[in-house]
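Survey of secondary and tertiary structure
Chain by chain, the residues run as shown.
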There are 2 protein chains.
Amino acid sequence: MLESAEIGHRITKSVYAREEPKLREALLNSQFDLSQSGRGPVLILISGVEGGGRGETANKLTEWMDPRHIHVLAFGARTCDEAARPAPWRYWKALPPKGRLGVFMNAWYNEVMAEHLRGASGDVELHARLQSIRQHERMLSDEGLVLLKFWIHLSRAEQEKRLKALDRDPRTSWRVTRADWEAYRLYNRSHALWEHLLRETSTAEAPWYVVEGTDERYRNLTVGRILLKAMRSTLAPKPASPRRASTPPAPSVIDNVKLIRDLDLSQRLTADEYSAALEKYQGRLARLTRHKRFAKHSLVLVFEGVDAAGKGGAIRRVTGALDARQYVTVPIAAPSEEERAHPYLWRFWKHVPPKGGITIFDRSWYGRVLVERVEELSAVSDWLRAYVEINQFEEQLIGDGVVIVKFWLQISEKEQLKRFKARERTSFKRFKITPEDWRNRGKWRSYERAVSDMVDRTSTEISRWTLVEAEDKYFARIKVLKTIVDRLKDAL
Amino acid sequence: MLESAEIGHRITKSVYAREEPKLREALLNSQFDLSQSGRGPVLILISGVEGGGRGETANKLTEWMDPRHIHVLAFGARTCDEAARPAPWRYWKALPPKGRLGVFMNAWYNEVMAEHLRGASGDVELHARLQSIRQHERMLSDEGLVLLKFWIHLSRAEQEKRLKALDRDPRTSWRVTRADWEAYRLYNRSHALWEHLLRETSTAEAPWYVVEGTDERYRNLTVGRILLKAMRSTLAPKPASPRRASTPPAPSVIDNVKLIRDLDLSQRLTADEYSAALEKYQGRLARLTRHKRFAKHSLVLVFEGVDAAGKGGAIRRVTGALDARQYVTVPIAAPSEEERAHPYLWRFWKHVPPKGGITIFDRSWYGRVLVERVEELSAVSDWLRAYVEINQFEEQLIGDGVVIVKFWLQISEKEQLKRFKARERTSFKRFKITPEDWRNRGKWRSYERAVSDMVDRTSTEISRWTLVEAEDKYFARIKVLKTIVDRLKDAL
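Along every chain, residues carry numbers that run from 1 in the direction the sequence is written. Labels follow written order: the first chain is A, the first ligand is 1, and so on. Where totals are concerned, whole chains, interfaces and linings use all residues; where local detail is concerned, this predicted model gives features only for residues with pLDDT of at least 70, and gives and counts side-chain atom pairs only at 80 or more.

1. Some details on the overall build of chain A
- Only DSSP runs of H or I with at least four residues qualify as helices, and only runs of E with at least two residues qualify as strands; both kinds are numbered from the N terminus onward. Each helix and strand in chain A was counted, giving 21 helices and ten strands.
- Taken against the 2.2 N^0.38 rule, which gives 23 Å for 492 residues, the C-alpha radius of gyration of chain A at 24 Å falls within 12% of a compact globule.
- Its C-alpha atoms put chain A at 70 × 50 × 50 Å along the principal axes.
- Exposure classes come from backbone-placed C-beta atoms, where a residue is buried if 20 or more other C-beta atoms lie within 10 Å of its own, exposed if 12 or fewer do, and partly exposed in between. Counting only residues that meet the buried cut, chain A has 43% of its 492 residues in that class.
- Put simply, of all contacts in chain A between residues at least 6 apart along the chain, 82% involve residues at least 24 apart. We compute the radius of gyration from the C-alpha atoms alone; for a globule the expected value is 2.2 Å times N to the 0.38, where N is the number of residues. Here the contact rule is simple: place C-beta atoms from the backbone, and any two residues whose C-beta atoms are within 7 Å are in contact.

Next comes the structure, spelled out in structure tokens:
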């Protein structure tokens, strides 16, 4: 879930100079309206890596807004008074009342992380703690509180750069403590924990917003905009019978499409390279899936991608290496009547392979956060909770020994057009192109956002997305095969 | 949570003969309407103790209803097909489609219980498993499925009686297996696990209904009525913007007021007995609260009760034994404006005592499921989720070493009238009686139901209610003191 916050988002000075005053005014207005409305409160949780600029973000928010109605609290070691009472007490005491904004620095997440890194809690305890946090946050949300959780992130290289820069400058060197360098040393070990934590505690009512901290302008504008959107939706007239007081803003308020746009689509293989690699990796895949240890596992492959990106071709290169009795390919289209009569994940659970088996999903349970989101076939609250449910679903599979490999195949708009036209010209491919495909093309931007959100929210430490540069079919097919082979090798 | 299912509910033959045909017709009609509506499905989970009549209950439901639209599935050991896939797979496969009813015998709860009793999972694992179940059930509910969970219960003595009776009769002895007797042997050990499981998985969207299994007629009518109510509310027209498709029927559909009505209010003490006991227990309480081990704990006392039941007097007999620097009494009235601007539990968290401290709540967080429920000051969905939140709140306190003792003081209607009139006659007590008190008297039955539900849902294995027969003030005060002393002794 951290990928898109490690790719170097920047906003130029001139854009910032134009956008900041507008944002500031809007924030001030919303803050005033909130204070008059008696709704909320809005509680902003800021957590993340050392040196990412958590404190600066909080300062910026108070600078932008009316300080009488926003209150920042940093939670460090517990005071005597706090240590004498159950852990949640200090957070309860500090809760802002309706109409107000509160900023909690670190709060309950940091305690859990510190304890785990210290080795004081095992994996099961960690899971139990995070589940309690989910319940706590759900209760706050049921009570009308709007919870915004920001994870201010830096890549390891960026963290080092920032700490060194702060250290060098005599005006800021005091801000770099031994604890900061200790945190840097633990970066790699911590990374898995962060991803775990973000996965387990990103819920429909209180999702995490991961914001890259490298560029101050980007960080401030992004946090400010999410906050603005949240305040506005808190202030919006409520439906007649609201089950829940608040719906958090859709994740895509962050510009994360960079993840997709920055893919290097120029990567290609020659026909000779392709033939050699194909033979090599198909051979390896064949041996791995016939390995006796594979009988204790099973394999689930998920293929998603832009229309005409070559999913079918890639799948055929995979199945070419498999024993036909061992695998099944499941194409996912619009749900049947029977499927619509069951909970969403039912149609996929049906096809979960037995031990030693392989299921290849040509499109998948990600439909809900892709086509169903873009085409508005699902309510916002439904596709928002789908991220959480999907992560749980995959966790249940992986916990039982299932190996899941997920591919997103990406091509450029230009290449897609070329392939569409080619399909129309080739009689035996003509069935593959429909008016709907042309219509989808018109929603290219919406799909880009949906895909980026999907990767952000469901590329977890236990189940990563592999983005495949598919402009060149040869390159794409080999990347797919090699990824499966690598993942199987790790698992067996 | 099992108390009210161990007190011998019975329904006479004649009442059953009158009620059963009516219920049956209503069930059939609702079942038909459900099948036409495309709503639901309704999934009935039946779990509970061996010999309680789980199978007979399922059979009765299918006998009453149209067997084409209700399907019973019993889950035992996993088949080969099931063992080759993740555990949830078989439950997913068996889900009924919209419009239908499904009955799952045992299902996911039995696996968890068996594993824990076998010693294969520790307390933390158990907690984690139960949390996953909660999430799973929440997802089903978000998808429109109505989940009804019945726990068919027997006291240990009743279980023995039933097993013996079945064993004696040659026509039924085949039904009593070694596993049944093994379960009986484990009854006491299992009891705590059952209570834990019921507490952790009774949620607002899928509460447990604990039904005493002793009397077949009572059991069948009770399960049938809850099912009827659930189907009717599933079929009711929906509000404009439903966040959740279903709200389960309020727990009070079960006649559990017997718990309150069966209290023996004739218990009394003479003045001499009272003086002696008062001195004895106040002395013990004084020593215990000054004990050095008490410094690692704290004490929370909760006093709830019928108006004029003598809460104040009982509290004064407690504080008489305490050091004034050590305790604080918190009277809870209607919330202030500041309190209304915060989540419900905020006003109580404020008063959580530090280590070595004592807080006495004169009325408490149970207001939400008592006065706020009866006076309709809270939405049904709010007081329903309050049970869950209260249990979590108390769990958080207890996990940190807080000792909680909760009292419900009960007097008869007649005695209350006498006390009200006496108050009106006594000038210095006149302030204690208001028109509201007289008005509350008119809601005696509603309060009885609310109290019984409260005890059912929040008398957990970690935090029991003590029901105090308060018709005689002497008896009540001594029972309160003795209970506190016993609980403190256990904790220190």
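2. Digging into the interface of chain A and chain B
- Residue-level contacts link 47 residues of chain A with 46 residues of chain B.
- For the side of chain A that touches chain B, the elements supplying multiple residues, two or more each, are helix 4 (89-94), helix 6 (123-142), helix 15 (346-349) and helix 17 (380-399) of chain A.
- With nine residues, the single largest contributor to the side of chain A that touches chain B is helix 6 of chain A.
- By residue class, the composition of the side of chain A that touches chain B is 24 nonpolar, eight polar and 15 charged. Under the grouping applied here, Gly and all other residues not named as nonpolar or charged are polar, the nonpolar ones being Ala, Val, Leu, Ile, Met, Phe, Trp, Tyr, Cys and Pro and the charged ones Asp, Glu, Lys and Arg.

3. A look at the packing of helix 6 of chain A against helix 9 (residues 187-201) of chain A
Residues and elements named next belong to chain A.
- Note on geometry: axes are C-alpha line fits, over the in-contact stretch for helices, and angles between N-to-C directions span 0 to 180 degrees. Two elements in contact, helix 6 and helix 9, have axes whose closest approach is 9 Å; the angle formed by their N-to-C orientations is 40 degrees. Taken together, helix 6 and helix 9 sit at an angle that is classed as oblique. Where helix 6 crosses over helix 9, the two elements pack in a sense that is right-handed. Along the contact surface, helix 6 presents Leu 130, Ile 133 and Arg 134, while helix 9 presents Leu 197, Glu 200 and Thr 201. With respect to orientation, any angle under 35 degrees is reported as roughly parallel, any angle over 145 as roughly antiparallel, any angle of 65 to 115 as roughly perpendicular, and every other angle as oblique. Should the near helix be turned anticlockwise from the far one by less than a right angle, the crossing is termed left-handed; should it be turned clockwise, right-handed.

4. Some details on helix 5 (residues 107-117) of chain B
Residue and element names in this part refer to chain B.
- Buried within helix 5 are the following residues: Ala 107, Trp 108, Tyr 109 and His 116.
- Summarising the contacts, the buried residues of helix 5 are in contact with strand 1 (42-48), helix 4 (89-94), strand 3 (101-105), helix 6 (123-142) and helix 9 (187-201).
- Backbone geometry just downstream of helix 5 places Gly 119 in the positive-phi region, at approximately 90 degrees.

5. What to know about the sheet that holds strand 6 (residues 298-305) of chain A
Residues and elements named next belong to chain A.
- Note on pairing: DSSP must find at least two bridges between two strands before they are called paired. Pairing in this open sheet of five strands is parallel, and the strands run 7-8-6-9-10 from one edge to the other. Looking along the sheet, the strands with just one partner apiece sit at the ends: strand 7 (327-331) and strand 10 (465-469). Neighbour to neighbour, the strand axes of the sheet diverge by 20 degrees on average, direction disregarded.
- Across the sheet, helix 21 (residues 473-491) lies against strand 6, strand 9 (402-410) and strand 10, angled at about 160 degrees from strand 9, the strand it touches most.

6. A look at helix 17 of chain A
- Its 20 residues place the ends of helix 17 of chain A 29 Å apart at the C-alpha level, agreeing with the 28 Å of an ideal helix rising 1.5 Å per residue.
- If you look at helix 17 of chain A, its biggest bend is around 30 degrees, right at A:Tyr387.
- Every buried residue belonging to helix 17 of chain A is among A:Trp383, A:Leu384, A:Arg385, A:Ala386, A:Tyr387, A:Val388, A:Glu389, A:Ile390, A:Asn391, A:Phe393, A:Glu394 and A:Leu397, and all of these are buried.
- For helix 17 of chain A, the elements touching its buried residues are helix 9, strand 6, helix 16 (371-374), strand 9 and helix 20 (444-458) of chain A together with helix 6 of chain B.
- Looking one or two residues past helix 17 of chain A, A:Gly401 carries a phi angle of roughly 95 degrees, positive in sign. Helix span is expected to be 1.5 Å times the residue number reduced by one. Throughout, the bend at a residue refers to the angle made by two axes, fitted to the seven residues ending there and to the seven starting there.

7. A few points about the nonpolar core
- The biggest cluster of nonpolar side chains holds 63 residues, and the ones touching the most others in it are A:Leu301, A:Val318, A:Leu409 and A:Ile484.
- For this core, the element with the most residues is helix 21 of chain A, which contributes nine residues.
- Excluding residues that lie within four positions of it along the chain, A:Ile484 makes contacts with A:Leu285, A:Leu301, A:Val318 and A:Val405.
- Residues of type Ala, Val, Leu, Ile, Met, Phe, Trp, Tyr and Cys that are buried and joined through C-beta atoms within 7 Å form what is called a nonpolar core. By size, the runner-up hydrophobic cluster in this structure holds 62 residues, among which are B:Val318, B:Trp365, B:Trp408 and B:Leu409.

8. Comments concerning unusual backbone geometry
- Going from A:Gly40 to A:Pro41, the amide bond is cis rather than trans, its omega being 0 degrees.
- One non-glycine residue, A:Ala107, adopts positive backbone phi at about 50 degrees.
- Inspection of the secondary structure puts A:Ala107 in helix 5 (residues 107-117).
- With phi around 70 degrees, B:Ala308 is a residue other than glycine that occupies positive phi space.
- Its location among the elements puts B:Ala308 in the loop between strand 6 (298-305) and helix 13 (311-319).
- Since 23 C-beta atoms lie within 10 Å of it, B:Ala308 is described here as buried.

9. Here we look at the pairing of strand 5 (residues 208-212) of chain A
- A large share of strand 5 of chain A lies buried, amounting to five of its five residues.
- Residue alternation in strand 5 of chain A divides its side chains into two sets, A:Trp208, A:Val210 and A:Glu212 and A:Tyr209 and A:Val211, and both sets are buried.

10. Concerning the packing of helix 5 of chain B against helix 9 of chain B
Residues and elements named next belong to chain B.
- Interaxial distance between helix 5 and helix 9 falls to 11 Å at its minimum, and their mutual angle equals 140 degrees. As far as their axial angle goes, helix 9 and helix 5 are oblique. Remark: the crossing between helix 5 and helix 9 carries right-handed chirality. Residues Tyr 109, Met 113, His 116 and Leu 117 of helix 5 form the contact with helix 9, whose participating residues are Ser 190, Leu 193 and Leu 197.

11. Thoughts on the relation of the copies chain A and chain B
- Copies are brought into register by a least-squares superposition over C-alpha atoms of residues with pLDDT of at least 70 in both. By a simple turn and slide, chain A fits onto chain B: the slide is 0.0 Å along the axis, the RMSD is 0.1 Å, and the turn is 180 degrees. Those values place the two copies in the arrangement expected of a two-fold rotation axis.

12. Digging into the sheet that holds strand 3 (residues 101-105) of chain A
All names here are of chain A.
- Strands sit in the order 2-3-1-4-5 across an open sheet of five strands; the sheet is parallel. The strands lining the two open edges of the sheet, one partner per strand, are strand 2 (70-74) and strand 5. If you compare each strand with its neighbour and ignore which way they point, the axes differ by 20 degrees on average.
- In terms of strand pairing, strand 4 (residues 146-153) meets strand 5 through five bridges, oriented parallel. The partner of His 153 across the bridge, within strand 5, is Glu 212.
- Here helix 10 (residues 216-235) sits on the sheet in contact with strand 1 (42-48), strand 4 and strand 5, set at roughly 170 degrees to strand 4.

13. Focus: the domain arrangement of chain A
Residue and element names in this part refer to chain A.
- Assigned domains of chain A: these are domain 1 (3-246) and domain 2 (261-491).
- Throughout, the edges of the domains are those of an automatic or database domain assignment. The centre of domain 1, based on its C-alpha atoms, is set 33 Å off from the matching centre of domain 2.
- Tallying the contact residues gives eleven residues for domain 1 and 14 residues for domain 2.
- For the side of domain 1 that touches domain 2, the leading source of residues is helix 9, giving four residues.
- Here the side of domain 1 that touches domain 2 is composed, by residue class, of four nonpolar, four polar and three charged.

14. Let's talk about the environment of A:Pro335
All names here are of chain A.
- Within the fold, Pro 335 resides in the loop between strand 7 and helix 14 (337-340).
- The partly exposed category is assigned to Pro 335, around which 16 C-beta atoms lie within 10 Å.
- Considered as a pair, Pro 335 and Thr 434 are 99 residues apart in the sequence and their alpha carbons are 18 Å apart.
- Discounting residues that sit within four places of it in the chain, Pro 335 has contacts with Arg 340 and Arg 347.

15. A few points about the confidence of the model for chain A
All names here are of chain A.
- In the predicted model, chain A carries a mean pLDDT of 88, and the fraction of residues at 70 or more is 95%.
- Per-residue confidence from the predictor is reported as pLDDT, a score between 0 and 100. By mean pLDDT, helix 19 (residues 435-441) is the weakest element of chain A at 80, and strand 9 is the strongest at 97.
- The low-confidence segment residues 240-245 (pLDDT under 50) makes 16 contacts with residues lying over four places distant or belonging to another chain.
- Listed scores for the predicted complex are pTM 0.77 and ipTM 0.74.

16. Here we look at the pairing of strand 9 of chain A
Residues and elements named next belong to chain A.
- Along strand 9, eight of the nine residues are buried, which leaves the element largely enclosed by surrounding structure.
- In this sheet, strand 9 lies alongside strand 6 in parallel orientation, the contact comprising eight bridges. Across the sheet, Ser 298 pairs through a bridge with Val 402, a residue of strand 9.
- Here strand 9 runs beside strand 10; their pairing, made up of five bridges, is parallel. Within the sheet, the bridge partner assigned to Leu 409 lies in strand 10 and is Val 468.

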